[in-house]
Structure formats: structure tokens, C-alpha cells
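These are the residues of each chain, in order.
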Amino acid sequence: MAFILPILLVAAAIGSGLIAGIFFAFSTFIMTAFARIPPEQGIAAMNSINVTIVRSPFMLLFIPVAILCIAIAVMAFMDWRGNASIWMIGGAAAYIFASFISTIAFNVPMNDALANVSGNGSEAVTLWNRYLSDWTWWNHVRTLASLASAIAFVRALMIL
């Protein structure tokens, strides 16, 4: 188990860092760009992304990192290593709760609601404006959580 833990931590640090980068792109320029175009175009673009992302390599990273985090947390408890275990559990919790579960609880339902509207009617425009604000806020949470997770895993590696 001693040789596997550093490998898992490196993989989780890289994976959560990559996820943070993807979320960062949405938070810093993608959603801003969508807000600058007509609502029907923004809705169509975001709906296209939401369909594409679930069939993309993103999912081959997003879900396995959550599984890695669970494994790391279990290993941290089973083989307590003081501060290193605290960093491992903190990194795992940040990713699992604030990145992975918040996606399922908040961003995905908003994506599902957006999938049910199109055009530029008042209902679509109202939903789109609320979506831009709320979805992006939760995306900021996911970005920071994924980055914090990567940092925590690196810190755990440094003090193992």
C-alpha cells in the first residue's frame, strides 16, 4: 500500500487540477462569451456543450477522480499518517462534495432545465439570464474546490 498511495495522490492531483482548469475556462471566459451573444444562440451553444460533454473524455476524468478521492480518503483513515492524512481527506472532501456532488445537485439540474427551452421568448430569456448567473456561481465553487483538492493532494505528497 505504501507504494500505491503516492501514485494515487499524483493521479488525483493531476486529475483534479485538469478538472479545475476546465471549470476555470467556463468561469472566466466561456460563460462571459455566451452572455454576449443573443440568448437563443447562447442557449443552443450551452445545450450543445451539455450533450457533448457527457460523451467526451471529460467524463473519463471527472468520475475516476471522484473514485480516486474516495480511495485516498479510505487509505488516509486506514493508515493514518498525521498531517498527510488530514490533507488527503481535505482534498478528497473538497473534490467529492464541492466539485462532484455540487455538479450533480446544482449544475446538472440547471442544464436539464435549459435543455427544455429554446428560442428567444420571455421564458427562455428569463431562464437564460438566471442560468448564466446561478450556473456560473456554482461553477466558481467547482473550480475552487477542484483547485483546492489538487493543492491538498500535492501538499500530502510533500509531507508523506
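Residues numbered from 1 in each chain as written. Predicted model: local features only at pLDDT ≥ 70, side-chain atom pairs only at ≥ 80, totals over all residues. Heavy atoms only, no water.

Things to note about a nonpolar patch on the surface
- Taken together, the side chains of W87, V154, M158 and I159 present a nonpolar region at the surface, about 360 Å² in accessible area.
- Broken down by element, the nonpolar patch gets its largest block of residues, 3 residues, from helix α5 (residues 122-159).
- Its place among the elements puts I159 in helix α5.
- What makes I159 partly exposed here is its relative accessible area of 30%. (Patch = residues over 30% accessible without salt bridge, like charges linked within 9 Å, V, L, I, M, F, W, Y side chains within 5 Å. Areas by Shrake-Rupley, 256 points an atom, 1.4 Å probe, with all protein chains shown as cover. Salt bridge = Lys/Arg side-chain N within 4 Å of Asp/Glu carboxyl O. Helix = DSSP H or I, 4+ residues; strand = E, 2+ residues; numbered from the N terminus. Buried < 20%, exposed > 50% of the residue type's maximum accessible area, 1.4 Å probe, protein only.)

Points about the packing of helix α1 (residues 4-35) against helix α2 (residues 39-53)
- Interhelical geometry of α1 versus α2 gives an angle of 135° and a closest axis separation of 9 Å. Considering their axes alone, α1 and α2 lie oblique with respect to each other. Facing F26, M31 and F34 of α1, the residues of α2 in contact are G42, A45, M46 and I49.
- Class assignment of the residues belonging to the contact of α1 with α2 gives a composition of 6 nonpolar, 1 polar and no charged. (Axes fitted to C-alpha atoms, helices over the stretch in contact; angles between N-to-C directions. Parallel < 35°, antiparallel > 145°, perpendicular 65-115°, else oblique. Contact = heavy atoms within 4.5 Å. Nonpolar A, V, L, I, M, F, W, Y, C, P; charged D, E, K, R; others polar.)

Some points on the layout of surface pockets
- Put simply, the largest pocket is a space of about 390 Å³.
- Taken together, 23 residues make up the lining of the largest pocket; nearest its centre are N50, I53, V54, V108 and N111.
- Taken together, the elements giving at least two residues each to the lining of the largest pocket come down to α1, α2, α3 (59-78), α4 (83-115) and α5.
- Sort the elements by how many residues they give to the lining of the largest pocket and α4 lands first, with 8 residues. (1 Å grid on protein atoms, 1.4 Å probe; cavity = no way out; pocket = protein on both sides within 12 Å on 5 of 7 lines; lining within 4 Å. Points joined across faces, edges and corners; volume = space filled by probe spheres on them.)

Focus on α2
- If you check α2, its first and last C-alpha atoms are 21 Å apart, about what 15 residues at 1.5 Å a residue would give, namely 21 Å.
- Looking at the packing, one finds that the buried side of α2 touches α1, α4 and α5. (Expected span 1.5 Å × (residues − 1).)

Topic: the environment of S56
- Secondary-structure assignment places S56 in the loop between α2 and α3.
- Separated by 24 residues in the primary sequence, S56 and W80 have C-alpha atoms spaced 37 Å apart.
- Separated by 2.8 Å, the side chain of S56 and the backbone oxygen of I53 make a polar contact. (Polar contact = N/O pair within 3.5 Å; in protein donor to acceptor, adjacent residues only side chain to side chain.)

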